[in-house]
Amino acid sequence: MYGIKAAVRRLEFAPAPKDMEVTDIKSGRFVFRPRTDKPVSLSELRKAVTKAGYEIEGTNIEVAGSLGADGRLRVPETGQVFLLKGSRDKGAGGPVTVKGKWEVVDREEVIVLEGAGQ
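Remember, predicted model here, so these are calculated numbers, not experimental data. Residue positions are given per chain, counting from 1 as you read along its sequence in written order. pLDDT decides what is reported in this predicted model: residues at 70 or higher carry local features, side-chain atom pairs at 80 or more are listed and counted, and totals for whole chains, interfaces and linings draw on all residues regardless. With hydrogens and water set aside, each side-chain value is computed from the structure's full complement of heavy atoms.

**A word on the packing of aromatic side chains**
Any aromatic ring pair is given by two values, namely how distant the centres are and how the planes are angled relative to each other. Selection rule: Any pair of Phe, Tyr and Trp rings, taking the six-membered ring for Trp, is counted once the centres come within 6.5 Å. Such a pair is stacked with planes under 30 degrees apart, edge-to-face with planes over 60 apart, and tilted for the rest. When a residue's accessible area, from a 1.4 Å probe over protein chains only, is under 20% of the maximum for its type it is buried; when over 50% it is exposed; and in between it is partly exposed.
Applying the stated criterion across every chain yields a total of one aromatic pair. An angle of 15° between the planes, with centres 5.8 Å apart, marks the rings of F30 and F32 as stacked. By relative accessible area, which is 17% here, F32 ends up buried.

Now the structure itself:
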């Protein structure tokens with residue numbers, strides 16, 4: 001697990017290795033909370049993990065921000081924008097926290113909201 005932590009640690013948005021929690025040593029599953037002052041990139045994460053000789057089985061993310069009328073979540077601390085797929089309860093403009101499957105579609109960071117049809 002040190003190898004994957006070392007690979008992820010090199011990413012600009014990664015926390016210190018001590019803040020990455022290994023949840024299943026056999027499968028190599030781990031969880032980390034990215035730095036709140038840097039935008040995240042699933043593409044960069046995949047590249048780093050693959051280069052270290054591992055593969056990503058799946059990714060989930062939880063993000064707080066402001067929901068726009070265009071269906072995108074904007075994170076004020078980083079300026080990052082996520083496209084949201086699936087239904088949500090709140091309208092545009094308000095602060096929201098969403099979680100779901102994290103994907104990259106046409107170079108855009110996407111969150112498929114929990115409970116949304118896949």
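**Some words on the nonpolar core**
This is how it is decided: The definition of a nonpolar core used throughout is a set of buried Ala, Val, Leu, Ile, Met, Phe, Trp, Tyr and Cys residues joined through side-chain atoms within 4.5 Å. In DSSP terms, a helix is any run of H or I states spanning at least four residues, a strand is any run of E spanning at least two, and both are numbered starting from the N terminus. Residue contacts are counted whenever heavy atoms from the two residues lie within 4.5 Å of one another.
V8, L45, F82 and I111 are the most contacted members of the largest nonpolar core, which has 25 residues in total. Of all elements in the fold, only α1 (2-9), β2 (29-32), α2 (42-51), β3 (60-67), β4 (72-75), β5 (80-85), β6 (95-105) and β7 (108-113) reach the threshold of two or more residues within this core. It is α2 that provides the largest number of residues to this core, a total of four residues. Once residues within four sequence positions are removed from consideration, F82 is found in contact with V40, I61, V63, G71, R72, L73, V75, W102, E109 and I111.

**Let's talk about the sheet that holds β3**
Keep this limit in mind: In this analysis, strands are considered paired if DSSP registers two or more bridges between them. All axes are obtained by fitting lines to C-alpha atoms, using only the stretch in contact for helices, and the reported angles, taken between N-to-C directions, cover 0 to 180 degrees.
If you trace the five strands once around the closed barrel, you get β3-β4-β5-β7-β6, paired in mixed fashion. Going from strand to strand, the sheet's axes swing by 55° on average, the running direction of each strand aside. As defined by bridge partners, β3 adjoins β6 across seven bridges and the pair is classed as antiparallel. Considered in β6, the bridge of V63 is made with V98. Strand contacts of α2: β6 and β7, with the helix running at about 50° to β6, the strand carrying the most contacts.

**Describing the layout of surface pockets**
Formally: Grid spacing is 1 Å over the protein atoms alone, the probe is 1.4 Å, and a cavity is where that probe fits but cannot get out, while a pocket is an open set with protein on both sides within 12 Å along at least five of seven lines and lining residues have an atom within 4 Å of a point. Grid points are joined across faces, edges and corners, and a volume is the space filled by probe spheres set on the points. Ten residue types, Ala, Val, Leu, Ile, Met, Phe, Trp, Tyr, Cys and Pro, are classed as nonpolar, four, Asp, Glu, Lys and Arg, as charged, and the remainder, Gly among them, as polar.
Taken as a whole, the largest pocket holds about 1200 Å³ of empty space. Contributing to the lining of the largest pocket are 37 residues, with F32, P34, N60, I61 and W102 lying nearest its centre. Secondary-structure elements contributing two or more residues to the lining of the largest pocket are β2, α2, β3, β5 and β6. When residues of the lining of the largest pocket are assigned to their parent elements, the largest contribution, six residues, is made by β3. For the lining of the largest pocket, the per-class residue count stands at 17 nonpolar, eleven polar and nine charged.

That is the geometry; function is a separate question.
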